[in-house]
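# Survey of secondary and tertiary structure
Chain by chain, the residues:
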Amino acid sequence: VVWGGVLQDGIPPLRAPGMLAAGDARYLANGDVVFGVEINGDARAYPKRILAWHEMFVDRVGGIEVAGVYCTLCGAVIVYETNVDGMMHRLGTSGFLYRSNKLMYDAGTQSLWNTLEGRPVIGPLVGKDISLPTREVVTSTWGEWRRRHPSTTVLSLATGHSRDYAEGAAYREYFATDRIMFPVPGEDGRLRNKQEVLVPRFGKPGERPLAIGSDFLRRNPVWHGSFGGRDFVVLTDQSGAHRIYGLPAGKRIASWNGDRKVIDSSGQALLLSETALTGKGVTAPRLPAHNAFWFGWRAAHPDTDLVAG
């Protein structure tokens, strides 16, 4: 564990942030990157240009208390539920890193939490069998997310902080090169350091982790795999957004129009939503996954399997 150069919450989380209706978010261009979340029909967009300065939002989405954690160094955005077995964990940014991955802390015990795993790793909560449930998140563009979710809300620029929230302003030099800021053990040249991978979050205990190259998925917008004891399909739209759905035994996806219409191997039409692929007698649930930089994911999971074409 190393110090990242900032004090606790020196990168200030956005707590209960102000949101705007889509039509009022005139500061956003269609190509701006957003992290999209929908829970119980409540769709929200968290632009990268804002979140990169804060690295965490703490919000109530669809009636569920969540923390969206953005590790800018390792490129991962993960949405966790923060109420576990009746205990609310108030999370923040510790200022510490493990293998270039952000460590969170909780205000109640000052325990440090592994961001990629959503569990405490140092402090009083270690060994308490606490693991934060994950929620689905997608990295997309504002234009594509808004088209799919016209009633979405989106972060307001009125954050209470003074920052340059222009697209690409935060971490401009870091994102522009393949260099990393903090050393990590070993190197793996199968992908460049900051090439993005999609990592499924539904593996079985003890199973080797899996990473799938984002560029590979863009070339193969309908891709089938197996992980965690279940078959799945990854659907990648024109914005590069990846969504994973678990498939019933024997089912495959024959075609997809890149929008909402999916045809399975029996010729049945399915409707794509953020929560499932649904059709007559068929439900293929959305499965948790998120993007990350290759070097950051592999540093934390050196035994990971990689699919990259």
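For the structure, check the block above.
To keep things clear, this report deals only with the structure shown in the data block. (Residues numbered from 1 in each chain as written. Predicted model: local features only at pLDDT ≥ 70, side-chain atom pairs only at ≥ 80, totals over all residues. Heavy atoms only, no water.)

### Comments concerning the overall build of the protein
Of regular secondary structure, the protein possesses five helices and 29 strands. Computed over its C-alpha atoms, the radius of gyration of the protein comes to 19 Å, within 12% of the 19 Å expected for a compact globule of 309 residues. Within the protein, the proportion of its 309 residues that are buried is 52%. Pairs at least 24 residues apart make up 59% of the contacts formed inside the protein by residues separated by at least 6 positions. Here the protein contributes 35 positive and 31 negative side-chain charges, whose respective centroids are spaced 2 Å apart. (Helix = DSSP H or I, 4+ residues; strand = E, 2+ residues; numbered from the N terminus. Rg over C-alpha atoms; globule rule 2.2 N^0.38 Å. Buried < 20%, exposed > 50% of the residue type's maximum accessible area, 1.4 Å probe, protein only. Contact = heavy atoms within 4.5 Å. Lys, Arg positive; Asp, Glu negative; His and termini not counted. Charge placed at Lys NZ, Arg CZ, Asp CG, Glu CD.)

### Here's the deal with the side chain of Q195
If you trace the backbone, Q195 turns up in the loop between α3 (172–176) and β18 (196–200). Here the side chain of Q195 touches R192 through a polar contact of 2.9 Å, landing on its backbone nitrogen. Apart from residues lying up to four places away in sequence, Q195 is in contact with D215, A292, F293 and W294. (Polar contact = N/O pair within 3.5 Å; in protein donor to acceptor, adjacent residues only side chain to side chain.)

### What to know about the sheet that holds strand β29 (residues 305–307)
Spatial ordering of the open sheet is given by β28-β18-β19-β29, a layout of four strands whose pairing is mixed. Lying at the two open borders of the sheet, with one neighbouring strand each, are β28 (289–293) and β29. Each adjacent strand pair in this sheet contributes to an overall mean axis angle of 30°, direction not counted. As paired strands, strand β19 (residues 210–213) and β29 are joined by three bridges and run parallel to one another. Residue pairing for β29: L210 is matched across the bridge by D305. (Pairing = 2+ DSSP bridges. Axes fitted to C-alpha atoms, helices over the stretch in contact; angles between N-to-C directions.)

### Considerations on the side chain of R286
Position of R286 relative to the elements: it lies in strand β27 (residues 282–287). What makes R286 buried here is its relative accessible area of 8%. One polar contact links the side chain of R286 to the main-chain carbonyl oxygen of E274, over a distance of 2.8 Å. With sequence-adjacent residues up to four places away left out, R286 is seen in contact with E136, V137, V138, H242, R243, I244, Y245, E274, T275 and A276.

### A closer look at empty space enclosed by the protein
Counted under the stated rule, the structure contains three cavities of 30 Å³ or more. For the largest cavity, the calculated volume is near 80 Å³. Residue lining of the largest cavity: F35, V77, V137, V138, T139, L198, H242, A289, H290 and N291, and that is the complete set. Elements represented by at least two residues in the lining of the largest cavity include exactly β16 (138–141) and β28. With three residues, β28 is the single largest residue contributor to the lining of the largest cavity. Its residues assigned to classes, the lining of the largest cavity shows six nonpolar, four polar and no charged. If you go around the second largest cavity, the residues you meet are G36, V37, E38, E136, V137, V138, W145, E274, T275 and R286. The element best represented in the lining of the second largest cavity is strand β4 (residues 33–39), accounting for three residues. Here the lining of the second largest cavity is built from residues that sort into four nonpolar, two polar and four charged. (1 Å grid on protein atoms, 1.4 Å probe; cavity = no way out; pocket = protein on both sides within 12 Å on 5 of 7 lines; lining within 4 Å. Points joined across faces, edges and corners; volume = space filled by probe spheres on them. Nonpolar A, V, L, I, M, F, W, Y, C, P; charged D, E, K, R; others polar.)

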